[in-house]
Amino acid sequence: MQWLYCDFHIHTTWSDGACSLDRVVELYGEAGFDVIAITDHVLDTESVTRSGRPASMLGAVRREEFAAYQEALWAAARKSWEKYGMLLIPGVELTNNTSRYHILSLDIKEYISPDHDVETIIAKTRQQQGLTVACHPCVRNHSGEEPSVHLWNNHERYASMFDAWEVANRDDLYSVVGLKKFNYIANSDFHEERHLLSWKTLLRCDKNTEAVKEAIRTNDRVSLFLYRGGKIR
Ligand code: ZN
Ligand code: ZN
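Quick look at the structure, then. (Residues numbered from 1 in each chain as written. Chains lettered and ligands numbered in written order. Predicted model: local features only at pLDDT ≥ 70, side-chain atom pairs only at ≥ 80, totals over all residues. Heavy atoms only, no water.)

1. Here we look at the overall build of the chain
When its secondary structure is counted, the chain shows seven helices and 10 strands. Each principal axis of the C-alpha atoms in the chain carries an extent, and together these give about 45 × 40 × 35 Å. Counting only residues that meet the buried cut, the chain has 55% of its 233 residues in that class. With the model as given, the accessible surface of the chain reaches about 10300 Å², and the carbon-plus-sulfur share is 49%. (Helix = DSSP H or I, 4+ residues; strand = E, 2+ residues; numbered from the N terminus. Buried < 20%, exposed > 50% of the residue type's maximum accessible area, 1.4 Å probe, protein only. Areas by Shrake-Rupley, 256 points an atom, 1.4 Å probe, with all protein chains shown as cover.)

2. Points about the coordination of the zinc ion (ligand 2)
Binding of the zinc ion (ligand 2) to the protein goes through His-9 (NE2), His-11 (NE2), Glu-93 (OE) and Asp-189 (OD), at separations of 2.1 to 2.2 Å. If you look at the zinc ion (ligand 2), its four donor atoms make angles of 82 to 170° with each other, and the shape they trace is irregular. Of note, the donors binding the zinc ion (ligand 2) are all from one chain and are spaced H-x1-H-x81-E-x95-D. The two metals, the zinc ion (ligand 2) and the zinc ion (ligand 1), are separated by 3.6 Å and share Glu-93 as a common coordinating residue. Here the residue His-9 occupies a position in strand 1 (residues 3–10), and Glu-93 occupies one in strand 3 (residues 87–96), the gap between them amounting to 84 residues. (Donors = N, O, S within 2.8 Å, 3.2 Å for Na, K, Ca; no water. Tetrahedral: all angles 85-135°; square planar, octahedral: opposite > 155°, others 65-115°.)

3. Brief notes about helix 7 (residues 209–218)
Taken together, the buried positions of helix 7 are Thr-209, Ala-211, Val-212, Lys-213, Ala-215 and Ile-216. The N-capping residue of helix 7, defined by a side-chain oxygen 3.3 Å from the backbone nitrogen of Glu-210, is Asn-208. Taken from the residues just after helix 7, Asn-219 is the one with a positive phi, measuring 60°. (Polar contact = N/O pair within 3.5 Å; in protein donor to acceptor, adjacent residues only side chain to side chain.)

Pasting the structure below:
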């Protein structure tokens, strides 16, 4: 069994990413990655942009678009597997900017509102056999923002409720996540091509969605690496 090169936090033009879904598959596929998750933003209803525009006007997947988003991801997953042997896992980033938590829900089939509280989001994801990941739990050096401050302020309560926490997000390393011995993964939070060069996850498991989810949950054959370009394989 070999180590799989993975990235579980990627945005496309379905939300605020600069690259189309097809371009993302091409970039990661050509680089030789084994597993990616597409996690476009779903925003809480109170969210506003810095310019003051409401969530409904932001780049995010809306409830009524969710079925089309899922269909696009499944079509991309087929292409990704056929062309590159790369597993694509559909997901979302449930983005609550009012209460300040960002949560990845991976391999969900039904829409989940980011307006729910954290426990409900985790429960609803689990009901769908999905996986939850606490995103960028500490301050982000490149922006100085703490969009998930609620998760870190309550990390003792949420510690084992999440399937994993991001120990790294793009350029940032959160050593406290490692020190707390939380389940961890590392992701790019990809929004544009240069974000490909960033922290990523290595998993030692079979290349299928169930095996990948189980490897994250058990978290005993997981590592991180800093991808700096070129072909992995
Ligand atoms: Zn986020
Ligand atoms: Zn993100």
